[in-house]
Amino acid sequence: MWHTLDIDEKIAVIKRKIPKAIARQQYDSALLLIKCLANILFNYNQYYKDDFLEEQMEILKERLFDTKDRPLQPVQAGGDSIFFYDGVGVDDGLELIYVKGLMKAGHHVVYLVRESAKGKFPMLQSWLEKYQAEIIYIPVGLSTLQECRYIYEVQNRTDIKAGFLYALPYDVAGVMAFMSAKNRYVRYRINFVDHAYWLGGTRAIDYCIEFRNLGSLLSGCYRGIPKEHLIMLPYYPYIDQEKVFEGFPFPVEEKDFIIFSGGTLYKTYDGEENLYYKMVEFCLSEFGHTKFWYAGRGEDRHTVELKRLQEKYPGRVYWSEEGRDDLFQVLQHVDLYLNTYPVGGGLMLQYAAAAGRIPLIYYRTIESRTSTLVNQDKLGIEFNQLEDWKDEVRKIITDESYRKRKEQRVLENAIDADIFEKNLMRVLKEQKTEYEVTYADAEGLREIQKTYRDRFGKHGVEDVIGKDSYIPLLKLCPFIYLYSRVIKKTNR
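Quick summary incoming for the structure in this document. Predicted model only: the values in this text are computed from it and were never measured. (Residues numbered from 1 in each chain as written. Predicted model: local features only at pLDDT ≥ 70, side-chain atom pairs only at ≥ 80, totals over all residues. Heavy atoms only, no water.)

**A closer look at the sheet that holds strand 7 (residues 230–232)**
Strands in a sheet are paired, the pairing made by backbone hydrogen bonds, and the direction either parallel or antiparallel.
Here comes step 1: Read from one edge to the other, the open sheet built from 7 strands follows the order 3-2-1-4-5-6-7, with strand pairing classed as parallel. What marks the edges here is a single partner per strand, and that holds for strand 3 (134–138) and strand 7. Strand-to-strand twist across the sheet, computed as the mean angle between neighbouring axes with direction ignored, equals 20°.
Here comes step 2: One ladder, built from 6 bridges, connects strand 1 (residues 81–86) with strand 4 (residues 160–166); its direction is parallel. Across the sheet, residue Phe-84 finds its bridge partner in strand 4, namely Phe-164.
Here comes step 3: Sitting on the sheet, helix 7 (residues 172–180) is in contact with strand 1, strand 2 (108–114), strand 4 and strand 5 (186–190), with an inclination near 150° to strand 4.
Here comes step 4: Against the sheet, helix 16 (residues 417–430) makes contact with strand 1, strand 4, strand 5, strand 6 (207–210) and strand 7, and its axis sits at roughly 120° relative to strand 4, the strand it touches most. (Pairing = 2+ DSSP bridges. Helix = DSSP H or I, 4+ residues; strand = E, 2+ residues; numbered from the N terminus. Axes fitted to C-alpha atoms, helices over the stretch in contact; angles between N-to-C directions. Contact = heavy atoms within 4.5 Å.)

**Things to note about the packing of helix 9 (residues 275–286) against helix 14 (residues 386–398)**
Here comes step 1: Two numbers describe how helix 9 lies on helix 14: the axes approach to 11 Å, and their chain directions differ by 35°. Where helix 9 crosses over helix 14, the handedness of that crossing is right-handed. Contacts between helix 9 and helix 14 involve Leu-275, Met-279, Phe-282, Cys-283 and Glu-286 from the first element and Leu-386, Trp-389, Lys-390, Val-393 and Arg-394 from the second. (Left-handed = near helix turned anticlockwise from the far one by under 90°.)

**A word on the pattern of salt bridges**
Here comes step 1: On inspection of all chains with the given rule, the structure shows 29 salt bridges.
Here comes step 2: A salt bridge links Arg-403 to Glu-407; the nearest nitrogen and oxygen atoms lie 3.8 Å apart. One end of the pair, Arg-403, and the other, Glu-407, are both in helix 15 (residues 400–412), 4 residues apart, so they sit about a helical turn from each other. Comparing Arg-403 with Glu-407, the two get one shared label, buried.
Here comes step 3: Linking Glu-434 and Lys-422 is a salt bridge whose minimum nitrogen-to-oxygen distance equals 3.4 Å. Of this pair, Glu-434 sits in the loop between helix 16 and helix 17 (445–458) while Lys-422 sits in helix 16; the two residues are 12 residues apart in sequence, bridging distant segments of the chain.
Here comes step 4: Since its relative accessible area comes to 45%, Glu-434 is described here as partly exposed.
Here comes step 5: Overlapping salt bridges bring together Glu-58, Lys-61, Glu-62 and Arg-203 as one network. (Salt bridge = Lys/Arg side-chain N within 4 Å of Asp/Glu carboxyl O. Buried < 20%, exposed > 50% of the residue type's maximum accessible area, 1.4 Å probe, protein only.)

**Quick word on the environment of Ile-7**
Here comes step 1: Mapping Ile-7 onto the fold places it in helix 1 (residues 7–23).
Here comes step 2: Overall, Ile-7 belongs to the buried group, its relative accessible area being 11%.
Here comes step 3: Residues Ile-7 and Ile-40 lie 33 residues apart in sequence; the distance between their C-alpha atoms is 9.3 Å.

Rendered as C-alpha cells:
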C-alpha cells in the first residue's frame, strides 16, 4: 500500500508520471501532479529545491504559452504599474504591508487574487480601493491549466514594470505565470515561507526578498539563488491603531501575570518531548499568579498537551481557537509573549515587539530562533540553554523594573512602516535595502529536517498534505496502493 512505500520512492513514482503526462499532452494532469508533489516536498521539507520539477515546468511553459513565438509586450515608456500576484488572499500576511507601501509611493497596483478569497482581506481591500488599484479575481472553478493562462493574460500588458510573487510553496499557476514573464519585467518573490521547500526557485524570479538570515541561507546555499539576487527586508506588523481591546476571554485580577502565546498549534509539537509545554508548566508551577493564554488553531493531535495543562491548572490556562482583529491591543495588555517551539513564530513576535512586550525565545535550531527583529541577537531575548531561559523568566516575572527596561530595548528595535516603505522603494530602484544579506549558521538544519521527517513519518500522506492534494493524487496515481505494481508499471 501507499504508506508502505518509502517517501523518496513515493516521490520517484510521481516524478515518473509527469513527463509521461506531458508527452501525451495531458497538461492539466501534469500540472496537478507537479502541484501535489510540491505540496509533499513542502511538508516533507528535506530538500529546498528540485531541479527536475523546475525543468518540467520549463517544458510546460514553452508548450503552453509559446513564449518563443509570442513574447510578452515590452513595457511602455513611463509604465509604472506593479503587478502583485496574491496566492494566499488573507489579511494576516505580508501582502498588506507590501501593497500598501507600493500604493503610498504612487505606484498603480494591479492586484490579482483568487475569487475564493473574496471577503477574506477587508483591510487590504480598503487600501486597494482608497488608492484605486485594479482588483482582478481569478474565477472559481478553473483548472490549474486555465488558471495559468488566466494569470498569463492579466500580466500581458504594456504598463507593468515590476511584479511581486506572493505564492504558497505549491502554487503551480502563479509560478508558471511568473516563469513566462522572464525579461518582461523585474520579478520579485516575497519569501514568506523561507524555512521550507517551494516551487520556482531561480526560474520564476529575478530577485528573492528575504526577511531573516535563515531564508538567506536556504536561498543562497540550497536553492541556488546567487547572493547578489537576494534582498534583505525585515517586515513589520500592520497595526490598526483605531482598534479597541476586546478584553480577555477569562477573568483577570490585578495581581495576575499574563503570558500570551499563539500561532498554528503544530508549531508547538515536537513529538514525545513536549518541551514547549514543559516551559509553560514551569511558569505556571513556579509562579502561582501566572495565567497562560494561547491563541491559534490546530489539529486534535496537537492539542493534547494544551488540554492536559488546562486540566492540571484549572482557571489558569486558556485557549482561543478563533483569530482576533485586536492582536496588537491584546499584546499591549499582556505581560509577556512566549515564542512557540520547535517552530518559532514570525508575525506574532513582531506584534509583541511593536507592542513593547518581550518576545521570549528558546531555540535549539535556526528555525525556532525566528530572527525577525533588528539587532535581535543583542537584545537578550534568545536562549538555547533551558536553565538560562528559566533564569530569565524568573527575572522578568519578579523584577518589574528589569522587565520594563528590556521592553523598551525591544520596542526600539522594532521596524516600523516608514522604515519598511522607504526600503521597499529602494528595492524597486536599486534591488537592495539598507539591510545586509547575511547567512544564518547552517548548524541546526539537520534538526529542522528531522522534525519534519518525523512528523511526516508518523502521519499518513493525507493527514500531512491535506485532502485537496491527496485525492487528486490518488486519481492520477491510483496504482500507488500496490507497491509491487508500482515498480512494475513505472518501469515500462
